[in-house]
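Residues per chain are reported as follows:
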Amino acid sequence: MAHPDATGEEHAVQPIQLLAPDGTLAEHEVYSPYISQLGEQDLRDLYRLMATERRMDAEATSLQRQGQLALWVPALGQEAAQAGTVSALRSTDMIFPTYREHVMALHRGIRPDELIQLFRATAHSGWNPHDHAMNTYMVVLGAQTLHAVGWAMGIQRDVAAGGTDQGHGADELVLACLGDGASSQGDVHESMVFASSYELPVLYFIQNNHWAISVPASTQSRGPLADRAAGYGFEGVQVDGNDVLASYAVAAHLGGQVRQGGPKLIESITYRMGAHTTADDPSKYRSSEEVESWKAKDPIERYRRWLQAAGHADETYFSEVDQEAADVAADLRRAVQELEPLPLEEAMDAVYAEPHRQVETDKSWLKEYEAGFAEDGAPARGEGGAR
Ligand SMILES: Cc1ncc(C[n+]2csc(CCOP(=O)(O)OP(=O)(O)O)c2C)c(N)n1
């Protein structure tokens, strides 16, 4: 088996691809029928979602650079992987994300100003998971896969007990998102063992963006991550994650099977074009040639070329989307200024159910730290200070 390299081109198995980087569409016996079912509006919405998130993402990166956000986690380059996959789900399918699933969040109706709250440190989460069937972001790598499996187990048991008033259906699925690096975590292994043994409706979605901060995917795994599924007793499929149509079709196809019971795994081959987070400098560990080779496979450009060539959208449509996306970014910038800081007590009191000595110590430390800023003439917490 070939060792996957940073370009993703040495895999023994070729990822499923429908839309080539030059914007031409190929026929596939299994996957093309899913694309044929998409109407013109659906096809346009895929583009709108990706383009809007990319613009919002750029704005969030600038806001962080200007000190308005503590951190930002760019999704640049991963738009198609996420947009295709989330669009193939039903709105009731619960998503367990990592911290980079901004495209999915927007698709689920989470507003940019809600999404940004975690990164501005004004809330533990800016949204209620139940309102959007999307859990809060998870920074502990792989932990969300256990939560996803627990949720799926709950669905299975609710259904066996005759259903619940929450409306969980026998054909509901759970999407467990993770990265190539997170696939090395023990939690992920345990979750896959459980999902397989109990035939749980979990669709694993690995975004292999080639880097776990500075560690290349080739160090994390000697073979395709999709192949790991077989070791647990279920199927794994590799898809070109920079092809939004293939991402949609593969998720729709495998999702349909997961609804009948039993997990499946998608390894989406994509690339993180930006930094891991705004705290990271990728030029220290990867070459500009590598980044350039992936820019040539830009998922949004590729799709735009096809939409235009196939007559599904014209320049007027693209200008409208650009304007909408610019408005979203402007709204986000305005909203950020208005967000109120999270009171210190509230931020830390949720850690334990009972008062805890360590929490009290941490609170005192933080109060002292923040008082230090006030002495330097910087705005204190609650005065709109940049964090
Ligand atoms: C349990 C755990 N270990 C280490 C970290 C530190 N950490 C944060 S992100 C990251 C790399 C994750 O890479 P990957 O899973 O490929 O996802 P990506 O960020 O590339 O989307 C690491 C090691 C963490 N958050 N949680």
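These numbers come from a predicted model, not from an experiment. (Residues numbered from 1 in each chain as written. Predicted model: local features only at pLDDT ≥ 70, side-chain atom pairs only at ≥ 80, totals over all residues. Heavy atoms only, no water.)

### Here's the deal with the overall build of the protein
Here is step 1 of the chain: In terms of regular secondary structure, the protein is built from 17 helices and 7 strands.
Here is step 2 of the chain: C-alpha atoms of the protein, sized along the principal axes, occupy 65 × 55 × 40 Å.
Here is step 3 of the chain: When the 387 residues of the protein are sorted by exposure, 53% land in the buried category.
Here is step 4 of the chain: Here the contacts in the protein between residues at least 6 apart in sequence split such that 74% fall between residues at least 24 apart. (Helix = DSSP H or I, 4+ residues; strand = E, 2+ residues; numbered from the N terminus. Buried < 20%, exposed > 50% of the residue type's maximum accessible area, 1.4 Å probe, protein only. Contact = heavy atoms within 4.5 Å.)

### Observations concerning the pairing of strand β3 (residues 202–208)
Here is step 1 of the chain: Buried residues dominate β3, accounting for 7 of its 7 residues.
Here is step 2 of the chain: Burial along β3 is two-sided: Val-202, Tyr-204, Ile-206 and Asn-208 and Leu-203, Phe-205 and Gln-207, pointing in opposite directions, are all buried.
Here is step 3 of the chain: In this structure, strand β2 (residues 174–179) lies alongside β3, joined through 6 bridges in parallel fashion. Following the sheet pairing, Gly-179 is matched in β3 by Gln-207.
Here is step 4 of the chain: Crossover connection from β2 via helix α9 (residues 186–197) to parallel β3: handedness right-handed.
Here is step 5 of the chain: The sheet contact formed by β3 and strand β7 (residues 264–269) spans 6 bridges and is parallel. Following the sheet pairing, Tyr-204 is matched in β7 by Leu-265. (Pairing = 2+ DSSP bridges. Right-handed = clockwise from strand over helix to strand, strands pointing away.)

### Here's the deal with the domain arrangement of the protein
Here is step 1 of the chain: Entries for the protein in the domain assignment read domain 1 (31–338) and domain 2 (344–375).
Here is step 2 of the chain: Using only C-alpha atoms to locate each centre, domain 1 and domain 2 end up separated by 33 Å. (Domains from an automatic or database assignment.)

### A look at the sheet that holds β7
Here is step 1 of the chain: With respect to topology, 5 strands assemble into an open sheet ordered β1-β2-β3-β7-β6, the strand pairing being parallel. At either margin of the open sheet sits one strand with a lone partner, and together these are β1 (94–96) and β6 (235–240). Ignoring strand direction, the axes of neighbouring strands in this sheet form an average angle of 20°.
Here is step 2 of the chain: The pairing of β6 with β7 spans 6 bridges and is classified as parallel. Bridge pairing in β7 places Gln-238 opposite Glu-267. (Axes fitted to C-alpha atoms, helices over the stretch in contact; angles between N-to-C directions.)

### Structural notes on the packing of aromatic side chains
A ring pair, where both rings are aromatic, is described by two values, the distance of the centres and the angle of the planes.
Here is step 1 of the chain: In this structure the tally under the stated criterion is 15 aromatic pairs.
Here is step 2 of the chain: With a centroid separation of 6.0 Å and an interplanar angle of 15°, the aromatic rings of Tyr-204 and Phe-234 are classed as stacked. Here the residue Tyr-204 occupies a position in strand β3, and Phe-234 occupies one in the loop between α11 (228–232) and β6, the gap between them amounting to 30 residues. The same class applies to Tyr-204 and to Phe-234, which are both buried. (Phe/Tyr/Trp six-rings, centres within 6.5 Å; stacked < 30°, edge-to-face > 60°.)

### Things to note about a nonpolar patch on the surface
Here is step 1 of the chain: Among the surface-exposed residues, Val-193, Phe-194 and Tyr-198 lie close enough to one another that they form a single nonpolar patch of about 260 Å² accessible area.
Here is step 2 of the chain: Within the secondary structure, Val-193 sits in helix α9. (Patch = residues over 30% accessible without salt bridge, like charges linked within 9 Å, V, L, I, M, F, W, Y side chains within 5 Å. Areas by Shrake-Rupley, 256 points an atom, 1.4 Å probe, with all protein chains shown as cover. Salt bridge = Lys/Arg side-chain N within 4 Å of Asp/Glu carboxyl O.)

### Considering the nonpolar core
Here is step 1 of the chain: Tyr-47, Leu-245 and Tyr-303 are the most contacted members of the largest nonpolar core, which has 66 residues in total.
Here is step 2 of the chain: Sort the elements by how many residues they give to this core and helix α12 (residues 244–258) lands first, with 10 residues. (Core = buried A, V, L, I, M, F, W, Y, C linked by side-chain atoms within 4.5 Å.)

### Overview of the packing of helix α2 (residues 40–65) against helix α3 (residues 79–87)
Here is step 1 of the chain: Their axes nearest at 10 Å, the elements α2 and α3 cross at an angle of 135°. The pairing of α2 with α3 is recorded here as oblique in orientation. The way α2 lies across α3 gives a crossing that is right-handed. Taking contact as the criterion, the partners of Leu-46, Leu-49, Met-50, Glu-53 and Arg-54 in α2 are, on α3, Glu-79, Ala-80, Ala-83, Gly-84, Val-86 and Ser-87.
Here is step 2 of the chain: Counted by class, the contact of α2 with α3 contains 6 nonpolar, 2 polar and 3 charged residues. (Parallel < 35°, antiparallel > 145°, perpendicular 65-115°, else oblique. Left-handed = near helix turned anticlockwise from the far one by under 90°. Nonpolar A, V, L, I, M, F, W, Y, C, P; charged D, E, K, R; others polar.)

### Here we look at the pattern of salt bridges
Here is step 1 of the chain: Counted under the stated rule, the structure contains 17 salt bridges.
Here is step 2 of the chain: Among the ionic pairs, Asp-171 bridges to Arg-90, the shortest N-O distance being 3.0 Å. Taken together, the residues span a long stretch of sequence, with Asp-171 in the loop between α8 (143–160) and β2 and Arg-90 in the loop between α3 and β1 at a distance of 81 residues.
Here is step 3 of the chain: Measuring nitrogen to oxygen at the nearest pair gives 3.5 Å for the salt bridge that ties Arg-111 to Glu-114.
Here is step 4 of the chain: Given the relative accessible area of 45%, Arg-111 is considered partly exposed.

### Things to note about unusual backbone geometry
Here is step 1 of the chain: The phi angle at Glu-199 is positive, at roughly 50°, despite the residue not being glycine.
Here is step 2 of the chain: With respect to the secondary-structure elements, Glu-199 resides in the loop between α9 and β3.
Here is step 3 of the chain: A positive phi is found at Ile-213, a non-glycine position, where the angle reads about 50°.
Here is step 4 of the chain: Here Ile-213 is to be found in the loop between β4 (211–212) and β5 (215–216).
Here is step 5 of the chain: Overall, the relative accessible area of 41% leaves Ile-213 in the partly exposed class.

### Things to note about the site of the ligand
Here is step 1 of the chain: Taken together, the neighbourhood of the ligand is formed by 15 residues, with Tyr-99, Arg-100, Val-139, Gly-181 and Ala-182 sitting nearest.
Here is step 2 of the chain: A distance of 3.2 Å separates an oxygen atom of the ligand from a polar side-chain atom of Asp-180.
Here is step 3 of the chain: Contact distances for the ligand include 3.3 Å between an oxygen atom and a side-chain N or O atom of His-276. (Near = heavy atom within 4 Å. Polar contact = N/O pair within 3.5 Å; in protein donor to acceptor, adjacent residues only side chain to side chain.)

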